[in-house]
Structure formats: structure tokens, C-alpha cells
Amino acid sequence: KKPSSHPETAISVTCSECHDVKYDAESTATKTWINNYAQMPKDKLWKKISEFLPNRQRFVMATVGSKGIWPFKKYYPTATTADFTLVPDKHFIICSNEKGTEKLSELKKNPLVSMVHFEGSIEGPVAPKKRYWKSVQIFGRASMYESDHPKFNDLAKKYHFYRIRSDRAYKRMVMTKIDIQRVIYFDSTLMKEGYSPYQLWINDEFK
């Protein structure tokens, strides 16, 4: 974090532009944005996150846990896509996964996940008229429930099946619930409001 003696800088200026920085797993570029520029009130930030994730949204989810990913015999992270529904008042996010997938196999061994949803202007040879970028990076812990578990029905109602009939879902799918531990919300337009474009939301239940 910038010391009190550090000269004032514009919100768009990064630490790397100012002086040499040795980044590592603890000192990251994202953390410098979070530590050095204004953070939003927690309730206001969660409202922004919830508004960015209405209904069902597609995420890229990274899992680790297998002894080897076919056809390789090494530990590779697995990045897959899945549709998730946020339950804002409960601070968790849910999806349905087909039985037998790599992600489910890995989650049984390691329930910790990192997942990202994003949107923004398309960059090309010519800059778009409106440039913006928004994303949420969610870190959490997964719990899986098959159809014989009491929680399956409740989660399925919140998720809302529409690609397959609910009776088929009982035989085919597993409901996966991700308890959200922390979120990094990025919004390039926040700088106009005097906030850091990187905002950190932490679930107090997991501190």
C-alpha cells in the first residue's frame, strides 16, 4: 500500500508506472488497485455484483483435483463453462452438472473453485465508440447434491431447468452449490465515480 508520504497520483496510474515493483503471490497487481484506491461500501458493492448477475449467467469455472486429465497424466487445472444462478440474499451461486463430468470428479476431491463471468466491448483494429469491461471473479467452496438428497429440490427450484424436463434432470443431473467466500468485481466505469475499478467483497462468514 502507498505510504502517506507518497505523492498523489491519478486513479488510472498503476504502481508499475511509478516505480519498480516485485510482484509475487502476495503482492499482485489486483491487490495494489484494491489497497491504494477507494473501495465501495460493502452493501453497495454487493448490489452492483447482484445487478451484474441477473437470472442465469455463463461462467468459466476452474477446478483442480484429478490425478491426470485425459489424455494427459499430469495435474492440470480444468477450466469449463457452466450456467449459474446467483441467490443474492444467501450469498451462494448454483448450477446443475451432468453426472460423470470432470468438474464433478475434481470437486469431490477438492471443493475449492475459482470462476469468472465477464462482458465488455469488442476490441479490434479500430477502438469501439464505447469502451468498457466488467467482470466478477468468484472464489468459493462447492457442495454437490444428487436427486435423492433433500436439498436437491430446493436448489433446482431456484435454478429453473429449461433445457431439459425436470423429470429427466432428476436422473441425469447433480445440483452444485457454491458458497461464495470472496468476489473481485471489476468495472472500468467506476473510475468516473472516484472508485478503484477493482473492488473486493468478502463474506464475513468465511473470515
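Residues numbered from 1 in each chain as written. Predicted model: local features only at pLDDT ≥ 70, side-chain atom pairs only at ≥ 80, totals over all residues. Heavy atoms only, no water.

Participant: Which residues make up the pairing of strand β7 (residues 198–202), and what values do they have?
Facilitator: The side-chain alternation of β7 yields one buried face, formed by Q199 and W201, and one unburied face, formed by Y198, L200 and I202. As judged from the 5 bridges shared by strand β6 (residues 173–187) and β7, these two strands associate in the antiparallel manner. Residue V183 lies in a different strand from β7, and its bridge partner there is W201. (Buried < 20%, exposed > 50% of the residue type's maximum accessible area, 1.4 Å probe, protein only. Helix = DSSP H or I, 4+ residues; strand = E, 2+ residues; numbered from the N terminus. Pairing = 2+ DSSP bridges.)

Participant: So what's going on with the nonpolar core? Residues and values would help.
Facilitator: Judged by nonpolar contacts, the single largest core of 35 residues is most densely connected at I49, F59, F84, I93, M115, V136 and I180. Looking at this core, the elements that each hand over two or more residues are α3 (42–52), β1 (56–63), β2 (78–87), β3 (92–98), β4 (112–120), β5 (133–145), α5 (150–159) and β6. Per-element accounting of this core gives the leading share, 5 residues, to β6. Residue contacts for M115: discarding those within four places in its chain leaves F59, V60, M61, F84, I93, V136, Q137, I138 and I178. (Core = buried A, V, L, I, M, F, W, Y, C linked by side-chain atoms within 4.5 Å. Contact = heavy atoms within 4.5 Å.)

Participant: Could you give me a rundown of the pairing of β4, with the residues and numbers involved?
Facilitator: When β1 meets β4, the two strands line up antiparallel, connected through 3 bridges. Bridge pairing in β4 links A62 to S114.

Participant: Would you mind going over the environment of Y185 in detail, with residue names and values included?
Facilitator: Tracing the backbone through its elements, the reader meets Y185 in strand β6. When sequence neighbours within four positions are dropped, the list of residues in contact with Y185 reads L45, K48, I49, F52, K134, S135, V136, L190, P197, Y198 and Q199. A polar contact is formed between the side chain of Y185 and the side chain of D187, at a distance of 3.2 Å. (Polar contact = N/O pair within 3.5 Å; in protein donor to acceptor, adjacent residues only side chain to side chain.)

Participant: Quick rundown of the packing of aromatic side chains? Include the residues and the values.
Facilitator: Each pair of aromatic rings is reported with the distance of its centres and the angle of its planes. As enumerated under the stated definition, the model contains 7 aromatic pairs in all. Their ring planes at 35 degrees and their centres at 4.5 Å tell us that W46 and W201 sit as a pair that is tilted. Note that W46 is positioned in helix α3 and W201 in strand β7, a separation of 155 residues in sequence. In this structure, W46 and W201 share a single accessibility class: buried. In textbook terms, an aromatic cluster arises when at least three aromatic residues are bridged by ring pairs, as seen for W33, Y37, F186 and Y198. (Phe/Tyr/Trp six-rings, centres within 6.5 Å; stacked < 30°, edge-to-face > 60°.)

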